[in-house]
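The chain contents come next:
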Amino acid sequence: AASDLERVRDAFRTTLRLGMAATVLLAGGLIFLAPSLQVLGAQWEPSVPIARALGLYVCLRSAAHFMTPLLAATGHPGADAALRACWFVLLAGAIVLVAPEGITAVGVAQAVVAAVLLAAYTEASRRLVGVRPGVVATILGRLGVATALGGAVVLGLRALGGIWVADTTWPTLLLLG
């Protein structure tokens, strides 16, 4: 039984690593590429901060979401249900509190709630399944560093000017991405 649990944990780590790599490529890229989406029109500019907040939210929420099948597969669906209920209550409360401040505040609140629940999911996975939080942090940290480096390259290219700044066509957006 112990070897079965270790195989489940190995499968979880692999799934988290691969799934989050794809998620970070898209949602993490949005954090850096949001200003480049001017190709969608000038009316996009006020949406850049919310797009960035939601890009972070998607990364954090997705990491926690990968723990849902882990908890279910190891006989802990009740823990997942309790965490989802907490998520709902925290998110609803945060949105009610910050909604008067505007849509960007709502996006930031969603990212904060996602971070809190990622910590809660990670702790539940540690206690119930034996997943080491350091392993989760390492996987997410490496992806965060890769995203930051990729973002720095994009910002560096944009700083060069020329086609990287003046051209707001889809081909340039794809080259930056």
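See the structure printed just above.
This structure is a prediction, so every number in the text was calculated from the model and none was measured. (Residues numbered from 1 in each chain as written. Predicted model: local features only at pLDDT ≥ 70, side-chain atom pairs only at ≥ 80, totals over all residues. Heavy atoms only, no water.)

**Details of the overall build of the protein chain**
Now for step 1: A count of helices and strands for the protein chain gives eight helices and zero strands.
Now for step 2: From first element to last, N terminus to C terminus, the protein chain shows the α and β order α-α-α-α-α-α-α-α.
Now for step 3: Counting over 177 residues, the protein chain shows a buried share of 36%.
Now for step 4: Here the contacts in the protein chain between residues at least 6 apart in sequence split such that 71% fall between residues at least 24 apart. (Helix = DSSP H or I, 4+ residues; strand = E, 2+ residues; numbered from the N terminus. Buried < 20%, exposed > 50% of the residue type's maximum accessible area, 1.4 Å probe, protein only. Contact = heavy atoms within 4.5 Å.)

**What about helix 2 (residues 48–65)?**
Now for step 1: Helix length check: helix 2 (18 residues) gives 25 Å between terminal C-alpha atoms against 26 Å at 1.5 Å per residue, within 8%.
Now for step 2: Where helix 2 is buried, its residues touch helix 1 (2–33), helix 3 (67–73), helix 4 (77–98), helix 5 (103–129) and helix 6 (133–159). (Expected span 1.5 Å × (residues − 1).)

**Digging into the pattern of salt bridges**
Now for step 1: Per the counting criterion, the structure on display carries seven salt bridges.
Now for step 2: Here Arg-13 makes a salt bridge to Glu-6, at a shortest N to O gap of 2.9 Å.
Now for step 3: Judged by relative accessible area, Glu-6 falls into the partly exposed class, the value being 30%.
Now for step 4: Linking Arg-13 and Asp-10 is a salt bridge whose minimum nitrogen-to-oxygen distance equals 2.0 Å. Residue Arg-13 and its partner Asp-10 are located together in helix 1, separated by three residues, close to a single helical turn.
Now for step 5: According to the relative accessible area criterion, Arg-13 is buried, its value standing at 18%.
Now for step 6: Each of the salt bridges in this network shares a partner with another, and the network as a whole consists of Glu-6, Arg-9, Asp-10 and Arg-13. (Salt bridge = Lys/Arg side-chain N within 4 Å of Asp/Glu carboxyl O.)

**Quick notes on the packing of helix 1 against helix 2**
Now for step 1: Packing of helix 1 against helix 2 brings their axes to within 7 Å, and their N-to-C directions diverge by 170 degrees. Taken together, the axes of helix 1 and helix 2 lie roughly antiparallel to each other. Between helix 1, through Leu-16, Met-20, Thr-23, Val-24, Ala-27, Gly-28, Leu-30, Ile-31 and Phe-32, and helix 2, the contact on the second element is made entirely by Ala-51, Arg-52, Gly-55, Leu-56, Val-58, Cys-59, Ser-62 and Ala-63.
Now for step 2: For the contact of helix 1 with helix 2, the per-class residue count stands at 12 nonpolar, four polar and one charged. (Axes fitted to C-alpha atoms, helices over the stretch in contact; angles between N-to-C directions. Parallel < 35°, antiparallel > 145°, perpendicular 65-115°, else oblique. Nonpolar A, V, L, I, M, F, W, Y, C, P; charged D, E, K, R; others polar.)

**Looking at the packing of aromatic side chains**
Now for step 1: Applying the stated criterion across every chain yields a total of one aromatic pair.
Now for step 2: Taken together, a centroid distance of 6.4 Å and an interplanar angle of 70 degrees make the contact between Trp-87 and Tyr-121 edge-to-face. Placement of Trp-87 in helix 4 and of Tyr-121 in helix 5 is noted, with a sequence separation of 34 residues between them. Side by side, Trp-87 and Tyr-121 carry an identical accessibility label, which is buried. (Phe/Tyr/Trp six-rings, centres within 6.5 Å; stacked < 30°, edge-to-face > 60°.)

Shape is all these values report; function is a separate question.
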